[in-house]
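Residues per chain are reported as follows:
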Amino acid sequence: MVDPTDGVEAAPVRRGRDTLPLYAVAAAVTVLVLAPLAAPGYALLYDMVFVPRQPLTWDLVAPAQSLPRAVPMDAVVSLVTQLVPGWVVQRLALAGAVFLAAVGAGRLVPTDRRVVRLFAAVAYAWTPYLAERLLIGQWGLLLAYAALPWLVRAALDLRAGRTGALARVVLAAAPAAITPTGGLIALGTVLVLTSDRMRAPRSLLVSQRMHPLRSRQALAAVGVLNAPWVVAALVTGAGGSSDPAGVAAFAARSENWAGPLVALAGTGGIWSAQATPASRATPLVPVATVVLLILAGVGAGLLRRRLPPGGAPRLAVLAGAGCLLAALGVLPGGDAALRWAVVHLPGAGLLRDGQKFLAPYALLLVVCAALGAERLVARVDREVAGVILVGLLFLPVAVLPDLAFGGAGRLRPVSYPAEWQRVAEYIDEEPGEILALPLSAYRAYPWNPGRVVLDPAPRYLPGTVLTDDTLRVGDVAVAGENPRVREMRRALAEGRPVWTTGVRWVLVQHEVSGEVDSQVLGGLVRVHDGPSVTLYRNPATVREASPSGPARLAVVAALSAALLVVIAAAVSALHRRATAW
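Remember, it's a predicted structure, so these values are computed and weren't measured experimentally. (Residues numbered from 1 in each chain as written. Predicted model: local features only at pLDDT ≥ 70, side-chain atom pairs only at ≥ 80, totals over all residues. Heavy atoms only, no water.)

(A) Highlighting the overall build of the chain. A count of helices and strands for the chain gives 24 helices and 13 strands. Radius of gyration (C-alpha) of the chain: 25 Å, near the 25 Å computed for a compact globule of 581 residues. With respect to the three principal axes, the spread of C-alpha positions in the chain is 80 × 50 × 50 Å. Here the chain holds 581 residues, and 55% of them are scored as buried. In the chain, once contacts between residues fewer than 6 apart in sequence are set aside, the share between residues at least 24 apart is 78%. In the structure as shown, the chain presents an accessible area of about 23800 Å², 64% of it carried by carbon and sulfur atoms. Once the 52 positive and 37 negative side-chain charges of the chain are each reduced to a mean point, those two points are 11 Å apart. (Helix = DSSP H or I, 4+ residues; strand = E, 2+ residues; numbered from the N terminus. Rg over C-alpha atoms; globule rule 2.2 N^0.38 Å. Buried < 20%, exposed > 50% of the residue type's maximum accessible area, 1.4 Å probe, protein only. Contact = heavy atoms within 4.5 Å. Areas by Shrake-Rupley, 256 points an atom, 1.4 Å probe, with all protein chains shown as cover. Lys, Arg positive; Asp, Glu negative; His and termini not counted. Charge placed at Lys NZ, Arg CZ, Asp CG, Glu CD.)

(B) Examining helix H21 (residues 419-429) more closely. Along H21, the residues that are buried comprise Glu419, Trp420, Val423, Ala424 and Ile427. Take H21 and look down its axis: the buried residues cluster within an arc of 145°, on one side only. Facing away from the buried side of H21 by over 90 degrees, the exposed positions are Asp428 and Glu429. Buried residues along H21 sit in contact with strand E5 (434-437), helix H22 (457-460), strand E11 (505-509), strand E12 (525-529) and strand E13 (533-537). (Arc of directions from axis to C-beta.)

(C) Representation of the environment of Leu364 within the structure. Assignment of secondary structure puts Leu364 in helix H17 (residues 359-376). Residue contacts for Leu364: discarding those within four places in its chain leaves Leu303, Leu315, Ala316 and Ala319.

(D) Geometry of the pairing of E13. With four of five residues buried, E13 is to be regarded as a mostly interior element. Bridge analysis of E11 against E13 gives five bridges, and the strand direction is antiparallel. Across the sheet, Gln509 pairs through a bridge with Val533, a residue of E13. Pairing between E12 and E13: four bridges, direction antiparallel. (Pairing = 2+ DSSP bridges.)

(E) Broad picture of the pattern of salt bridges. Evaluation of the coordinates by the stated rule reveals 17 salt bridges. We note a salt bridge from Arg306 to Glu374, for which the minimum N-O separation is 3.1 Å. In this pair, Arg306 is assigned in helix H14 (residues 285-306) and Glu374 in helix H17, connecting sequence segments 68 residues apart. For Asp455, the salt bridge identified is with Arg443, shortest N-O distance 3.0 Å. Taken together, the positions of Asp455 in the loop between strand E7 (453-454) and H22 and Arg443 in strand E6 (residues 442-443) put the pair 12 residues apart, joining distant regions of the chain. Arg443 sits in the buried class, given a relative accessible area of 1%. A network of salt bridges, in which partner residues are shared, links Arg153, Asp157, Arg162 and Arg168. (Salt bridge = Lys/Arg side-chain N within 4 Å of Asp/Glu carboxyl O.)

(F) Looking closely at a nonpolar patch on the surface. There is a patch of nonpolar side chains on the surface, built from Leu56, Val76, Leu79 and Val80 and spanning about 310 Å² of accessible area. Assignment of secondary structure puts Val80 in helix H3 (residues 73-80). (Patch = residues over 30% accessible without salt bridge, like charges linked within 9 Å, V, L, I, M, F, W, Y side chains within 5 Å.)

(G) Just the side chain of Asp455, in detail. On the accessibility criterion, Asp455 (2% relative accessible area) is buried. If near-sequence neighbours (up to four positions away) are discounted, Asp455 is found in contact with Trp420, Ala436, Ser440, Ala441, Tyr442, Arg443, Tyr445, Thr467 and Gln509.

(H) Inspection of empty space enclosed by the protein at higher detail. Tallied over the entire structure, the rule returns six cavities of 30 Å³ or more. In this structure, the largest cavity occupies an estimated 300 Å³ of space. Considering the residues around the largest cavity, the lining is formed by 20 residues, among which Pro128, Ala288, Leu292, Pro396 and Val399 are closest to the centre. Mapped by element, the contributors of at least two residues to the lining of the largest cavity are helix H5 (114-125), H14, H17 and helix H19 (395-399). Tallying contributions element by element places H14 first for the lining of the largest cavity, with five residues. In this structure, the second largest cavity occupies an estimated 110 Å³ of space. What lines the second largest cavity is a set of 14 residues, among which Leu108, Val152, Leu315, Leu363 and Leu364 lie closest to the centre. (1 Å grid on protein atoms, 1.4 Å probe; cavity = no way out; pocket = protein on both sides within 12 Å on 5 of 7 lines; lining within 4 Å. Points joined across faces, edges and corners; volume = space filled by probe spheres on them.)

(I) Representation of unusual backbone geometry in the model. Cis geometry marks the peptide bond from Val71 to Pro72, where omega comes out at 0°. Examined against the element boundaries, Pro72 turns out to sit in the loop between helix H2 (58-61) and H3. One non-glycine residue, Thr267, adopts positive backbone phi at about 70°. Note that Thr267 resides in the loop between helix H13 (260-265) and H14. One non-glycine residue with positive phi stands out, namely Ala408, at about 55°. Positionally, Ala408 belongs in helix H20 (residues 404-409).

(J) The side chain of His528, seen in detail. Note on placement: His528 falls in strand E12. Overall, the relative accessible area of 9% leaves His528 in the buried class. Of note is the side chain of His528, whose polar atom sits 2.7 Å from the side chain of Glu419. Those residues in contact with His528 that lie beyond four places of it in its chain are Glu419, Arg422, Val423, Tyr426, Val533, Thr534 and Leu535. (Polar contact = N/O pair within 3.5 Å; in protein donor to acceptor, adjacent residues only side chain to side chain.)

(K) Spatial organisation of the packing of helix H4 (residues 86-108) against helix H7 (residues 139-159). The N-to-C vectors of H4 and H7 enclose an angle of 25°; their axes lie 8 Å apart at closest approach. By the angle between their directions, the pair H4 and H7 is classed as roughly parallel. Here H4 and H7 pass one another in a crossing that is left-handed. Contacts between H4 and H7 involve Ala93, Leu94, Gly96, Ala97, Leu100, Ala101, Val103, Gly104, Ala105, Arg107 and Leu108 on the former and, on the latter, Trp139, Leu142, Leu143, Tyr145, Ala146, Pro149, Trp150, Val152 and Arg153. Here the residues of the contact of H4 with H7 sort into 16 nonpolar, two polar and two charged. (Axes fitted to C-alpha atoms, helices over the stretch in contact; angles between N-to-C directions. Parallel < 35°, antiparallel > 145°, perpendicular 65-115°, else oblique. Left-handed = near helix turned anticlockwise from the far one by under 90°. Nonpolar A, V, L, I, M, F, W, Y, C, P; charged D, E, K, R; others polar.)

(L) Representation of the packing of aromatic side chains. Under the defined criterion, the tally for this structure stands at 14 aromatic pairs. Taking the centre distance of 5.9 Å and the plane angle of 40° together, the rings of Tyr23 and Phe99 count as tilted. Pair noted here: Tyr23 is in helix H1 (residues 16-34) and Phe99 is in helix H4, with a separation of 76 residues, a long-range link. Assessed through its relative accessible area of 31%, Tyr23 is described here as partly exposed. (Phe/Tyr/Trp six-rings, centres within 6.5 Å; stacked < 30°, edge-to-face > 60°.)

(M) The sheet that holds E12, seen in detail. With mixed pairing, five strands are arranged side by side in an open sheet as E8-E5-E11-E13-E12. Looking at the sheet topology across the chains shown, the edges are occupied by strand E8 (465-466) and E12. Across four bridges, the pairing between E5 and E11 is parallel. Directly across from Leu437, in E11, lies its bridge partner Val508.

Rendered as structure tokens:
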């Protein structure tokens, strides 16, 4: 696979019979993971909230009083659901994430052995990282995880001076940048893999092929893709600091007897016990992690030899940085440094849940383990080696069986009560600020049995919805940043009538935890009274809470710039001849 005359991996021409098994295995894994989504409805689980038609409101495009954690993801979903129902968007996003993760990892492995590619595909699409982020509902981060192998391949091609690589870098980074964390991972990947400042002294021929301008263009383009959430963070009224209590609450967690560092080494360790598959607690999981690490160690040398000079060390640097961020909250002195950072450094709150940044490590681990398996069976009879490699295909599933069927049935579609649509129509006639009571960030609805979900009101109702932004992790309450919500919480604690706060609407949700004092609802007009929600209108003068004109224009300009960059890359790619990947 490597041409010794130029030190760059040659792009093999893969015929249909070579690629079809990879696509077939990726499709099978996707169906196995997401089988419950064959039923109609919406899978609502923790942060995963989809609605029939998400309104395109300013608070979703550029949050005026909260940090832009879902920028530009909410704007993209709002635009798409104007044309396509939300249930279709959810299935396309989740199926695309799992399928493209598998195919991308399989194509990235520098090998001619088909079964080795299939092992990498299954292993990357069946990691604890993917399982835990799926079960906590962070589908936007899963898109970044799926885009990563494609982005790595494109960045390596850019370094090798291949035609069309710049456009492919942008197109691979675009789905990753749908969330701030994914955007940072994409930016870091391009920086580490293409920067001429990190050039190895003996990589002169590769460096001559890649003009330094290409690296800077790639970095600038991915920077523009990150601009929407950066600009939104600059213009929001929430400030840039976060509650330091979140450092301990979001730190990596031990999943079994081996501790949090071993959990991270196996690509797990998410802070939420509820989002952790039960199989991660079994005593043999650390043993499987050690086996995987040994395989990766055996295959690391093969990766270094088969990638272009400097490619493997750069991937190691990227993976090591992700591991450091993931483990920082549990390392000696790391938690103190994070607590200081989230208070004094704007935007450092992104680092509290450091396990998110394990994606590059997970990719390198899988690729090296696949090559390690190839190397270990190299001296075995080819037929026997094939049997061993096929057996390895089922190892990830055997270690993590409860990822199958939507996390053992936890990803089950449901339907919203019909009155939610009626309430949305009432509010659409008289737009204004909406207060959702009882104050709570997450809800457990009887029509969504056995699961907790982020309050869907902000994405269902056409207006700025005020919900509690305090996150409770066990006995720890991590305070939010929204000053308007703090004002509402103070008014409710003092027993003041809600009409005095200036909100236009009050949505009282029934059949959920929490009580609403009837005195605070005095002076409001009941518009709708149903079994699951009651809607009140405030007849008093309302105070509009919206970003200033320049702030809106700045965020729209950033979104437009990012869209133009993606369109330009797509047009450029369409005008290039077909590439081997």
